[in-house]
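Structure assessment
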Amino acid sequence: MEPSNDHERELVRLIDERAISLGKLDYTAVPAVTVQLKFMMTRSDSEFLIAYLHWRMNNPIQNAEG
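Scope of this entry: the structure provided in the associated data block. (Residues numbered from 1 in each chain as written. Predicted model: local features only at pLDDT ≥ 70, side-chain atom pairs only at ≥ 80, totals over all residues. Heavy atoms only, no water.)

Let's shift gears to the packing of aromatic side chains. Per the counting criterion, the structure on display carries two aromatic pairs. Seen in terms of ring centroids, Phe48 and Tyr52 are 5.9 Å apart; in terms of plane orientation they differ by 15 degrees. Their pairing is stacked. Placement of both Phe48 and Tyr52 in helix α3 (residues 43-58) is noted, with a separation of four residues, approximately one turn of the helix. For Phe48, a relative accessible area of 8% corresponds to the buried category. Judged by relative accessible area, which is 3%, Tyr52 ranks as buried. Among the aromatic side chains, those forming a connected cluster through ring pairs are Phe48, Tyr52 and Trp55. (Phe/Tyr/Trp six-rings, centres within 6.5 Å; stacked < 30°, edge-to-face > 60°. Helix = DSSP H or I, 4+ residues; strand = E, 2+ residues; numbered from the N terminus. Buried < 20%, exposed > 50% of the residue type's maximum accessible area, 1.4 Å probe, protein only.)

Structure below.
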C-alpha cells in the first residue's frame, strides 16, 4: 500500500514508527497518530489512515532478525 501525497507519507511514517516502537498495532494508534500531525486531516486523509492501519496490522513490519 503506497502513499500518494505528502499527507499520506506522513501518516505512513507515524504508523510505521508506532509499529516498530510498540511491536504491534491496534486502533488506539488512530488518536495517537492524529495528535502528532502538523496538518488538518481531510476526509481522504482519514480514510487513508484507517486503510493503512488496517493494512499494516495485517502486514507487520519484519525486523532485521526475522
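What follows picks up the thread again.
It is worth spelling out the environment of Glu2 at this point. As for its placement among the helices and strands, Glu2 is situated in the segment before α1 (6-22). For Glu2, a relative accessible area of 68% puts it in the exposed group. Between the alpha carbons of Glu2 and Trp55 there is a distance of 11 Å; along the sequence they are 53 residues apart. Sequence-distant contacts of Glu2, defined by excluding residues within four places in its chain, comprise Glu8 and Phe48. (Contact = heavy atoms within 4.5 Å.)

On to the pattern of salt bridges. In the structure shown here, the tally under the stated rule is five salt bridges. Here Asp16 and Arg56 are joined by a salt bridge, their closest N and O atoms 3.0 Å apart. Placement of Asp16 in helix α1 and of Arg56 in helix α3 is noted, with a sequence separation of 40 residues between them. Each member of the pair, Asp16 as well as Arg56, carries the same accessibility label: buried. Put simply, Glu47 and Arg43 hold a salt bridge, and the shortest N to O gap is 3.1 Å. Remark: Arg43 and Glu47 occur in helix α3; sequence separation between them is four residues, near one turn of the helix. The exposure class assigned to Glu47 is partly exposed, which follows from its relative accessible area of 47%. Residue Arg43 is classed as exposed on the basis of its relative accessible area of 68%. Counted as one network, the salt bridges with shared partners bring together Glu10, Arg13 and Glu17. (Salt bridge = Lys/Arg side-chain N within 4 Å of Asp/Glu carboxyl O.)

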